[in-house]
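Below are the chains, spelled out letter by letter.
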Amino acid sequence: MDLWTIDEHDYPSGGTPEAQLRFLVRYAILAPSGHNTQPWLFRVRGDRLELFADRTRALPVVDPVDRAMVISCGAALANLMVAAERFGMDATATLLPDAREPDLLAAVRSTGARRATSDPALFSAITKRRTTRRAFEPTPVPEAVLDSASAQAASCGAGLHWIIEPERKHRAAELIAEGDRLQCADPSFRRELASWVRSRRAAGRDGMSGYAFGMPDLLSPVGALIIRTFDMGTVQAAKDQALAEGSPAIGVFTTRGDGAADWLAAGQAMQRALLSITAAGLTSSYLNQPIEVPALRPRLAMLLGTGESPQILIRVGRGPELLPAVRRAVEDVMLSA
Ligand SMILES: Cc1cc2nc3c(=O)[nH]c(=O)nc-3n(C[C@H](O)[C@H](O)[C@H](O)COP(=O)(O)O)c2cc1C
């Protein structure tokens, strides 16, 4: 089944809150995640849905404190809440509801009442959003698009700072390139990345196809072998530097603190901003290296000059239409009640 094609009319509007919450999980799983690990699990009991981090899907080398994992789960929660709003479900989310259970990231309760449905644009963008790793057209991104993405981020308590000027873009691109060189020189980084590169047809329905990096899907195992075996840092750095400098806008999400609650806020902020960017007909991609490499993160923060912690770095522009990345089926991410 194509998980990216959802018939809205299948929403059980006359059904139980449990059936409705289960339906919303179809939208949650379309969120982006680091290396497409899809590190989330859901449990639905009556009118309560719980979102858990699936720490068995951790990336200990690139994400040793599970920051990107929690951000990814925040993105899944944002999709779920945007869909709930769209279907008129009166739902409230409580973040980190139980200090004794750190894997329980959020609890969503549906009152069963109906409320006015929200603007359909963000909702429709859930199934259209893609990570586009190709070069973007140099046409500037309209200021209104950047402003509304920042407003979406602010509504979740996070900052979204835009880097547009060539000189600042150049400095950000240099940090990205430095990150590539440092990461690729580390065999354990390469081994971890390679272990998540696989064909779209692989049974696990997770990870990244070579297609996402511009090669035929069938060559994914070859791509993984090359990543694992060779330090391609210099080549990758030149490529990413050109992609960053050639993109009309670079955006950095920031938060005041740097703990699980901040990462959840950053994840929701990121996803709502990406949905608004998608709704405007634009696309986005990540160049997170300066946040992943601890020595570079303070330098990125200095470039922004806000004193906040950078959480995610994206580039935005117009790009080609791509096939969506694979997703695991809803049944595979549901814990039994
Ligand atoms: C927290 C987070 C960090 C990510 N970091 C990177 C990155 O540094 N480089 C990259 O190419 N993609 C990055 N991605 C994108 C994922 O690889 C992508 O979401 C995943 O492969 C699924 O593809 P999709 O977004 O097209 O659905 C990141 C995604 C998230 C949520």
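Please read all numbers here as calculations on a predicted model, not as lab measurements. Here the residue index of a chain counts from 1 through its sequence in written order. The predicted nature of this model means local features are confined to residues of pLDDT at least 70 and side-chain atom pairs, given and counted, to a pLDDT of 80 or more, with totals for whole chains, interfaces and linings taken over all residues.

Caption draft 1: Local environment of the overall build of the protein. A run of H or I in DSSP counts as a helix once it spans at least four residues, and a run of E counts as a strand once it spans at least two, with each numbered from the N terminus. Along the protein, the regular secondary structure elements total eleven helices and eight strands. For this measure, only C-alpha atoms enter the radius of gyration; the expected value for a globule follows 2.2 Å times N^0.38, where N is the number of residues. For the protein, whose C-alpha radius of gyration is 19 Å, the value lies close to the compact-globule estimate of 20 Å for 337 residues. Within the protein, the proportion of its 337 residues that are buried is 46%. The contacts in the protein between residues at least 6 apart in sequence include a share of 77% that link residues at least 24 apart. Exposure in this text rests on C-beta crowding, where 20 or more other C-beta atoms within 10 Å of a residue's own make it buried, 12 or fewer make it exposed, and counts in between make it partly exposed. The C-beta atoms are placed from the backbone. Two residues form a contact once the distance between their C-beta atoms, set from the backbone, is within 7 Å.

Caption draft 2: Structural view of the sheet that holds strand β2 (residues 48–53). Taken in spatial order, the four strands make up an open sheet running β1-β2-β4-β3, and their pairing is antiparallel. Each edge of the sheet is formed by a strand with only one pairing partner; in this case those strands are β1 (40–45) and β3 (89–95). Here the strands of the sheet are splayed against their neighbours by 20° on average, with no regard to which way each runs. Any two strands between which DSSP finds at least two bridges are classified as paired. Bridge analysis of β2 against strand β4 (residues 104–114) gives five bridges, and the strand direction is antiparallel. Counterpart to Arg48 in the pairing with β4 is Arg109. In this description, a line fitted to the C-alpha atoms serves as the axis of each element, helices being fitted only across the stretch in contact, and the angle between N-to-C directions of two axes falls anywhere from 0 to 180 degrees. Along the sheet, helix α1 (residues 17–28) contacts β1, β2, β3 and β4; its crossing angle with β1, the most-contacted strand, is approximately 165°.

Caption draft 3: Just the sheet that holds strand β5 (residues 159–163), in detail. Taken in spatial order, the four strands of this open sheet run β5-β6-β8-β7, and their pairing is antiparallel. Of all strands in the sheet, those with a lone pairing partner are β5 and β7 (283–286), marking the two edges. Each strand of the sheet is rotated relative to its neighbour by a mean of 30°, with strand direction disregarded. Summarising the sheet, strand β6 (residues 249–255) and strand β8 (residues 309–317) pair through seven bridges and their orientation is antiparallel. Paired with Val252 across the two strands is Leu313, which belongs to β8.

Caption draft 4: Here's a closer look at the site of the ligand. Each residue gets a C-beta atom placed from its backbone. Should that atom fall within 6 Å of a molecule or strand, the residue is termed near it. Residues in contact with the ligand amount to 17 residues; listed here are only the nearest, Pro32, Asn36, Thr131, Tyr286 and Asn288. Among the elements that take part in the shell around the ligand, helix α2 (residues 67–86) stands out by supplying four residues, more than any other. Taken together, the residues of the shell around the ligand break down into eight nonpolar, seven polar and two charged. Counting the residues that make up the shell around the ligand, at least three belong to each of domain 1 (8–129) and domain 2 (143–185 + 231–317). Only Asp, Glu, Lys and Arg are considered charged in this grouping, and only Ala, Val, Leu, Ile, Met, Phe, Trp, Tyr, Cys and Pro are considered nonpolar; every other residue, Gly among them, is considered polar. The domain boundaries here were taken from an automatic or database domain assignment.

Caption draft 5: Geometry of the domain arrangement of the protein. Along its sequence, the protein is carved into domain 1 (8–129) and domain 2 (143–185 + 231–317). Inter-centroid distance (C-alpha atoms) of domain 1 to domain 2 is 23 Å. With 23 residues of domain 1 at the contact, the number on the domain 2 side is 19 residues. A total of eleven residues in the side of domain 1 that touches domain 2 trace back to one element, the largest contributor, which is α2.

Caption draft 6: Layout of the pairing of β2. In this structure, β1 lies alongside β2, joined through six bridges in antiparallel fashion. Residue pairing for β2: Arg43 is matched across the bridge by Glu50. Counted between consecutive antiparallel strands, the loop separating β1 from β2 contains two residues, among which Gly46 sits at a positive phi close to 60°.

Caption draft 7: Geometry of the nonpolar core. Structurally, a nonpolar core is described as a collection of buried Ala, Val, Leu, Ile, Met, Phe, Trp, Tyr and Cys residues joined by way of C-beta atoms within 7 Å. Core analysis: the largest hydrophobic core is formed by 80 residues, its most contacted members being Ala76, Leu80 and Ala269. By residue number, the principal contributor to this core is α2, which donates 14 residues. Shared between two domains, this core holds at least three residues of each, these being domain 1 (8–129) and domain 2 (143–185 + 231–317). Excluding residues within four positions of it along the chain, Ala76 makes contact with Ala28, Ile29, Ala31, Trp40 and Leu51.

Caption draft 8: How the structure looks around helix α5 (residues 166–184). Every helix has an expected span of 1.5 Å times one less than the residues it contains. Between its first and last C-alpha atoms α5 spans 26 Å; for 19 residues at 1.5 Å apiece the expected length is 27 Å, and the two agree. The set of residues buried in α5 consists of Ala172, Ala173, Leu175, Ile176, Ala177, Gly179, Asp180, Gln183 and Cys184.

Caption draft 9: Focus on the packing of helix α4 (residues 143–155) against helix α9 (residues 260–279). Between α4 and α9, the shortest axis-to-axis distance is 8 Å and the interhelical angle comes to 155°. Our classification of the angle between α4 and α9 gives roughly antiparallel. As for how α4 packs across α9, the hand of that crossing is right-handed. Along the contact surface, α4 presents Val145, Ser148, Ala149, Gln152, Ala153 and Ser155, while α9 presents Ala269, Arg272, Ala273, Ser276 and Ile277. The residue makeup of the contact of α4 with α9, split by class, is six nonpolar, four polar and one charged. Every angle not falling under 35 degrees, over 145, or within 65 to 115 is termed oblique; those three ranges are roughly parallel, roughly antiparallel and roughly perpendicular. With the far helix as reference, a near helix turned anticlockwise by less than a right angle produces a left-handed crossing, and one turned clockwise produces a right-handed crossing.

Caption draft 10: Expanded view of the pairing of β8. Within β8, nine of the nine residues are buried, which leaves it mostly tucked inside the rest of the structure. Relative to β8, β7 is paired through four bridges, and the arrangement is antiparallel. Note on β8: the bridge partner recorded for Ser284 is Val316.

Caption draft 11: How the structure looks around unusual backbone geometry. Of note, Asn36 is a non-glycine position whose phi angle comes to about 50°, a positive value. If you trace the backbone, Asn36 turns up in the loop between α1 and β1. On the basis of neighbour count, Asn36 is assigned to the buried category, with 23 C-beta atoms found within 10 Å.

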